[in-house]
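Now for the letters of each chain:
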Amino acid sequence: MKPFDSQLCKIVSAKALTADVFDFRVSAPQLAEQASPGQFAQILVPGHTLRRPISICGIDKARGQLRFVFQVRGQGTRELAAFRAGDSLEILAPLGKGFPLDTSKKTLLLGGGIGVPPLLGAAAALGEQAVAVLGFRSQGAVILEEDFRRTGARVLVATDDGSYGFQGLVTDLAAGESFQVLMACGPGPMLKGAKSLAQAKGAEGYLSLEQRMACGVGACLGCAVALLDEDGQEYYGHVCKDGPVFPMEQVKEEL
Amino acid sequence: MPDLRVNIAGVEFKNPVIAASGTFGFGREYGQLYPLSELGGISCKGTTLHKRPGNPPPRVTETPAGMLNAVGLQNPGVEHFIQEDLPWLSQQGTKIIANLAGSTVEDYCAAAEKLNDTPIDMVELNISCPNVKEGGVQFGVTAQGVEGITKAVRRVCKKPLMVKLSPNVTDISEMALAAESAGADAVSLINTLTGMRIDIRTRRPIIRNNTGGLSGPAVLPVAIRMVWQTAQKVKIPVVGLGGISTAEDAVEMLLAGASAIQVGTAIFTDPYAPLRIRDGLAAFMEETGVKSLSELVGGVRPW
């Protein structure tokens, strides 16, 4: 069986979660069977040369479905958002290395904005072992809170403007938590804070990164990220194949 | 079933579809999707004598009907290629083209010599990477430079030698003639066209290298024109590439004078593109009563 493949997948449901965040479920039994939380897909937007890398938000092996929650960032994702249930998308998945999940360890999931969706799969796998601390700009941008609660995870929400939940940074909100593993996905400054928090707690840390990408499979070397090898030497690894989830010690990049 | 076989410089390819350098790594990734034996050949990632770290990111961005890249020849070095990649790759049942880049004549020659006693089928001399100051393009933009580097490598290289040409020149056919006169067995064209995009909010170029190489469907007409002009001037085979994403594009390229084609950026859009193009080419030949590729090569009827 191919570890990943490009298949034409029918959209089962498509809805808007906010003005610019969309929630697609697609029928993809073979791809779902092989997917794990934290991996991603390369979705073809017809007429575009490069596919759009979108994180896998949910994996439903029983129904044979993958779920994608993505934000409109430019022309490609704007066109993607116009797709409807019943339409089909060409999807290359599952790609990359996801989160290393250990249900015996208390795990803090730290998500910021559109960095929240890829953590949902991890929460589903970890259940009560997970604490999800999710940050958004404002109340109107809050997504997936109920989905996280349904996994059994404890869920805390922060907003930048205090219009919902805690006002401030997710790293501040999570500072009082005790955990053995931290997994984070979000903007650079948040990841930097996540790394410091994990280090302060003596926890393992994993960061999910993004970069402009072309092939998605490790062939073109486009999505370079500065990493450190075991001897502390800097080298360029690649988000698509070596990541998108990296042990935090490996990440050299000024986040 | 039409005959898709093609012989370039003594190397027999089972079909004329070759994966273009830089888009297919050393074959391992896409080898998980289909047997590499389905391809006519693979032009491997540009390889230098010593390993290179590549350029800082961002290295790629989409453009209208194409993309820019400035990967910067990140590669593990020719020894690593020979030791780690080639033993596996040479067992996959496809023709292997080593794409060689460098910054000095000595480096090119030393790397070419290392490849002499390996199972590779052909060397593609990359003197056209636009993204690395010392990536060989300094040899590729004057006829004198092309002739000099080709002659030097020809002297030490025992493999069939194909020279990959840059389109960032006044007259690419002059470069092809220079390569031919210096002993090249074939030429491949075109490499990418130097381009640039700017983020209007940050006023920063999107590519960290400031400029990058443009590829994809946007460059097809330029590639067709350059192959057409070149094929009329040289006697050695021309391998055509640049923006081919459909079987119809491939037929156009053959009609323009290419003996074989390379598919690159289209693989990012559809990993199965090379197979789709091969099958579409066979179907086109069947449908139009063309029995062998040679009936198409250079078959354009110019006004």
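Residues numbered from 1 in each chain as written. Chains lettered and ligands numbered in written order. Predicted model: local features only at pLDDT ≥ 70, side-chain atom pairs only at ≥ 80, totals over all residues.

(A) A look at the overall build of chain B. Helices and strands together make up the secondary structure of chain B, namely nine helices and 16 strands. With the C-alpha coordinates of chain B rotated into their principal frame, the extents come out at 50 × 50 × 40 Å. Counting only contacts in chain B whose residues sit at least 6 apart along the sequence, the fraction spanning at least 24 positions is 72%. (Helix = DSSP H or I, 4+ residues; strand = E, 2+ residues; numbered from the N terminus. Contact = placed C-beta atoms within 7 Å.)

(B) Geometry of the overall build of chain A. Broken down by element type, chain A carries six helices and 16 strands. Relative to a compact globule of 255 residues, whose C-alpha radius of gyration would be 18 Å, chain A shows 17 Å and is just as compact. Along the first, second and third principal axes, the C-alpha set of chain A runs to 45 × 45 × 35 Å. Residues classed as buried in chain A amount to 53% of the 255 residues present. Of the contacts formed within chain A by residues at least 6 apart in sequence, a portion of 60% connects residues at least 24 apart. (Rg over C-alpha atoms; globule rule 2.2 N^0.38 Å. Buried ≥ 20, exposed ≤ 12 C-beta atoms within 10 Å, placed from the backbone.)

(C) Highlighting the sheet that holds strand E10 (residues 154–159) of chain A. Residue and element names in this part refer to chain A. Strand order in the open sheet formed by seven strands is E11-E10-E9-E8-E12-E13-E16, with mixed pairing between adjacent strands. The sheet terminates laterally at strand E11 (166–167) and strand E16 (245–247), the two strands that pair on one side only. Pairing geometry for strand E12 (residues 181–185) and strand E13 (residues 204–208), over five bridges, is parallel. Considered in E13, the bridge of Ala184 is made with Leu207. (Pairing = 2+ DSSP bridges.)

(D) View of the nonpolar core. Counting 191 residues, the largest nonpolar core has A:Ala123, A:Ala132, B:Val187, B:Val227, B:Ala258 and B:Ile261 as its most contacted members. Among the domains, domain 1 (5–95) and domain 2 (107–250) of chain A are the pair contributing at least three residues each to this core. If we skip the residues at most four places from it in the chain, A:Ala123 touches A:Leu109, A:Ala130, A:Ala132, A:Phe148, A:Thr151 and A:Ala153. (Core = buried A, V, L, I, M, F, W, Y, C linked by C-beta atoms within 7 Å. Domains from an automatic or database assignment.)

(E) Spatial organisation of the confidence of the model for chain B. When the pLDDT values of chain B are averaged, the result is 96; 98% of them are 70 or greater. For this predicted complex, the interface score ipTM comes out at 0.95, while the overall pTM is 0.96. (pLDDT = per-residue confidence, 0-100.)

(F) Layout of the interface of chain A and chain B. Opposite the 25 residues of chain A that make contact, chain B presents 30 residues. Among the elements of the structure, strand E1 (5–16), strand E14 (224–228) and strand E15 (234–238) of chain A are those that each provide at least two residues to the side of chain A that touches chain B.

(G) Representation of the pairing of strand E9 (residues 130–136) of chain A within the structure. Residues and elements named next belong to chain A. Taken across its seven residues, E9 has seven buried, putting it largely inside the fold. Pairing of strand E8 (residues 107–112) with E9 involves six bridges; the strand directions are parallel. When the bridges of E9 are listed, Leu109 appears paired with Ala132. Tracing the backbone out of E8, into helix H3 (residues 117–126) and back to the parallel element E9 gives a crossover that is right-handed. (Right-handed = clockwise from strand over helix to strand, strands pointing away.)

(H) Looking closely at helix H4 (residues 143–156) of chain B. Residues and elements named next belong to chain B. Helix length check: H4 (14 residues) gives 21 Å between terminal C-alpha atoms against 20 Å at 1.5 Å per residue, within 8%. Those residues of H4 that fall on the buried side of the exposure criterion are Val146, Glu147, Ile149, Thr150 and Val153. Lining the buried residues of H4 we find helix H2 (105–115), strand E8 (122–126), helix H3 (137–140), strand E9 (161–164) and helix H5 (172–181). (Expected span 1.5 Å × (residues − 1).)

(I) Inspection of the domain arrangement of chain A at higher detail. Residue and element names in this part refer to chain A. Assigned domains within chain A: domain 1 (5–95) and domain 2 (107–250). Placing the centre of domain 1 and that of domain 2 at their C-alpha centroids yields a distance of 20 Å. Taken residue by residue, the interface counts 19 residues in domain 1 and 19 residues in domain 2. Split into classes, the residues belonging to the side of domain 1 that touches domain 2 amount to twelve nonpolar, six polar and one charged. (Nonpolar A, V, L, I, M, F, W, Y, C, P; charged D, E, K, R; others polar.)

(J) Spatial organisation of unusual backbone geometry. A cis amide bond links A:Ala93 with the next residue in sequence, A:Pro94, at an omega value of -10°. In this structure, A:Pro94 sits in strand E7 (residues 88–95). Of note, the bond from B:Leu189 into B:Ile190 is cis; its omega dihedral lies within 30 degrees of zero at 15°. Looking at where B:Ile190 falls in the secondary structure, it is placed in the loop between strand E10 (186–189) and strand E11 (193–195). Even without being a glycine, B:Ala9 presents a positive backbone phi close to 55°. Overall, B:Ala9 belongs to the partly exposed group, with 17 C-beta atoms counted inside 10 Å. The phi dihedral of B:Leu73 falls on the positive side, at around 55°, and the residue is not glycine. In this fold, B:Leu73 is placed in the loop between strand E6 (66–69) and helix H1 (78–89).

(K) Here's a closer look at the sheet that holds strand E14 (residues 212–215) of chain B. All names here are of chain B. Strand order in this open sheet of four strands is E5-E6-E14-E11, and the pairing throughout is antiparallel. For this open sheet the edge positions go to strand E5 (60–63) and E11, each flanked by a neighbour on one side alone. For this sheet the average axis-to-axis angle between neighbouring strands, irrespective of direction, equals 35°. Sheet topology places E6 next to E14; three bridges connect them, and they run antiparallel. When the bridges of E14 are listed, Leu68 appears paired with Leu214. (Axes fitted to C-alpha atoms, helices over the stretch in contact; angles between N-to-C directions.)

(L) Here's a closer look at the packing of H1(B) against H2(B). All names here are of chain B. Taken N-terminus to C-terminus, the directions of H1 and H2 make an angle of 15°; their axes are 9 Å apart at the nearest point. One element, H1, and the other, H2, form an angle in the roughly parallel class. As H1 packs across H2, the resulting crossing turns out to be right-handed. Contacts between H1 and H2 involve Val78, Glu79 and Ile82 from the first element and Ala111, Lys114 and Leu115 from the second. When grouped by side-chain class, the residues that make up the contact of H1 with H2 number four nonpolar, no polar and two charged. (Parallel < 35°, antiparallel > 145°, perpendicular 65-115°, else oblique. Left-handed = near helix turned anticlockwise from the far one by under 90°.)

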